[in-house]
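Architecture and fold: a report
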Amino acid sequence: MEINDDLAEIILDFKCNSHCIFCYERRNRYFPAKTTVELKKEIKAARQKGFSRLSLIGGEPTIRPDIFELINFAKIAGFDYIMIATNGRMFNYTNFAYQMVRSGISEVIFSLHGYQAKIHDSHTGSLGGFKQLKNGIANLKRLGFDNVGINVVVVQQNYCYLPRIAKLLLKWRIRRVHFIYGSVLENFKQLTPKISKVAPYLCEALEMGKQEGYFWRILNAPMSCYFKDYLDRLSWSITQKSHLFIRTAKARLIHQAGEKLRKIWVWVKLSKCRFCNYQKECPGIWREYLKQYGDGEVKPVK
C-alpha cells in the first residue's frame, strides 16, 4: 500500500486547456486562480511543516505563466523533489520542455488515455493532444530527462484498450505508470466500468509491465478481489490524509470544492469481507460503487 506522507500536493488552480470527459475538477473551473503570492505562501508553509517532496497539480499547471517561478521558489524553499502532473501539451514546444528541465523539475507525470490519437483526443477533447504529448515525451528524452511517469484514467470508453496502451508505454520505456479508476459523481455508470469487466485487461497490462521489470500500479480500484496476484501493485493513496496546505480564503474554497468529489473514494467493508484472506490489506469497496452496482461482484478470496 502506497502512503505518501512526505508528499505535499498543492492545487495551483482548475484552469485547463483540455476538456477530459472524466475530469474530477471540471465543475470547479470557475474558481479564480490563486495568485503567485498565495501559492508561494502555501509552498513555504508546506516546507515549514517538514515536507521534502512537492507535487504541483491542477487543472493544468503548465499553462500558468508563473510555473517556472513557482518551481524555482520551491527549490529555494528547500524541496528536494518536485513533480508536476500535466496533460503534456505544453511540452510539445521544445523551448518549454527545455525551460522545465532547466528549472530543476524532478519528475513529469503525463496523462495518457488511449493508444492512438483518435481515442486519446476524444477522451480529452483536445484535437492534436496525443501528438503533443508524444512529442513532449520525446523532447524531454532528447534533453536527457528520463524521469517521466504516466497516469491512465480507466473508464468505460478505454478499458478494453489497456493492453494496447501498455504496449505503447513499453515502447516509450515508461517505468512509472498508474492506472487510475476514473469516475465522477454525475454520469457514474456512463464512465465507470464494472471491475469484473476491467480486471482481465488491467491484469494483462500489469503483467506486460512486470515482465519488463516495471512496477506499474493500480490506483483506487473500487475493490481488490480481482487482483489477488497483484496486491502489491494496488495503491489507495487518494484516501490518505490530505496534503493540501490552505493559507488563504480562496484556497479554502478550492480545497472544499475538490473534497466534494473525493467522497467517491470512501471505502466500506461488507460482512462477507471478513472471510477474505486479504481483508486486512484491502480497504473494502467504494461506497459510491456499492450504491451504483451493488455487492454482487465482491468475491472474498479464500
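See the structure shown above.
The rules behind the values
- Here the residue numbering is sequential within each chain, running from 1 through the sequence in written order.
- For this predicted model, a pLDDT threshold of at least 70 governs which residues receive local features, and a threshold of 80 or more governs which side-chain atom pairs are given and counted, while totals over whole chains, interfaces and linings are taken from all residues.
- With hydrogens and water excluded, all non-hydrogen atoms of the structure serve as input to the side-chain values.
- Secondary structure is summarised from DSSP: a helix means a run of H or I of at least four residues, a strand means a run of E of at least two, and numbering begins at the N terminus for each.
- Only protein chains enter the accessibility calculation, which uses a 1.4 Å probe; a residue is then buried when its area is under 20% of its type maximum, exposed when over 50%, and partly exposed in between.
- For the accessible areas, the method is Shrake-Rupley and the probe is 1.4 Å, while residue cover comes only from the protein chains on display.
- Pairing between strands requires that DSSP locate at least two bridges from one strand to the other.
- A clockwise path from the first strand over the helix to the second, with the strands pointing away from the viewer, defines a right-handed crossover.
- In what follows, a contact means two residues having at least one pair of non-hydrogen atoms within 4.5 Å.
- The angle between two axes is taken between their N-to-C directions and runs from 0 to 180 degrees, where each axis is a line fitted to C-alpha atoms and a helix contributes only its stretch in contact.
- Salt-bridge detection follows one rule: a side-chain nitrogen of Lys or Arg within 4 Å of a carboxyl oxygen of Asp or Glu.
- Nonpolar core, defined: a set of buried Ala, Val, Leu, Ile, Met, Phe, Trp, Tyr and Cys residues in which side-chain atoms within 4.5 Å join the residues together.

**Topic: the overall build of the protein chain**
Along the backbone of the protein chain there are ten helices and ten strands. The burial tally for the protein chain puts 52% of its 302 residues in the buried class. Surface summary for the protein chain: the accessible area is close to 13,700 Å², and the carbon and sulfur share equals 51%.

**As for the pairing of strand β3 (residues 81-86)**
Taken together, the four bridges between strand β2 (residues 53-57) and β3 define a ladder with parallel strand orientation. Paired with L56 across the two strands is I84, which belongs to β3. Handedness of the β-α-β unit built from β2, helix α2 (residues 67-77) and β3 comes out right-handed. Where β3 lies against strand β4 (residues 107-111), four bridges are found, and the strand directions are parallel.

**Some words on the pairing of strand β1 (residues 7-11)**
Burial within β1 is extensive, with four of its five residues counted as buried. As for the winding sense of the linkage, the β-α-β connection from β1 through helix α1 (residues 36-48) to β2 is right-handed.

**A closer look at the sheet that holds β1**
Read from one edge of the open sheet, eight strands run β1-β2-β3-β4-β5-β6-β7-β8, paired in parallel fashion. In this open sheet, the two strands that pair with only one neighbour each are β1 and β8 (234-235). Alignment of β1 against β2, held across five bridges, turns out to be parallel. Bridge pairing in β2 places I10 opposite L56. Packing of helix α6 (residues 162-171) onto the sheet brings it into contact with β5 (148-154) and β6 (176-181), and relative to β5 it is tilted by some 175°.

**So, the environment of I119**
Within the secondary structure layout, I119 lies in helix α4 (residues 117-124). For the pair I119 and Q157, spaced 38 residues apart in sequence, the C-alpha to C-alpha distance is 8.6 Å.

**With respect to the pattern of salt bridges**
Tallying each qualifying case throughout the model produces eight salt bridges. R64 is the salt-bridge partner of D66, the closest N and O atoms lying 2.8 Å from each other. Both residues of the pair, D66 and R64, belong to the buried class. Close ionic contact of K141 with D146 constitutes a salt bridge, the shortest N to O distance being 2.5 Å. The class of K141 is partly exposed, set by a relative accessible area of 30%. Residue D146 is classed as partly exposed on the basis of its relative accessible area, which comes to 45%. Where salt bridges share partners, they join D13, R64 and D66 into one cluster.

**Section: unusual backbone geometry**
A cis amide bond links G58 to the next residue, G59, at an omega of 15°. Positive phi outside glycine occurs at N220, with the angle close to 60°. Looking at where N220 falls in the secondary structure, it is placed in the loop between β7 (217-219) and β8. The exposure class of N220 is buried, given its relative accessible area of 0%.

**What about the nonpolar core?**
With 69 residues, the main nonpolar core has L162, L169, F179 and F227 as its most contacted residues. With seven residues, helix α8 (residues 195-211) is the single largest residue contributor to this core. Beyond its immediate stretch of four places on either side in the chain, L162 contacts V152, V154, F179, V198, Y201, L202 and A205.

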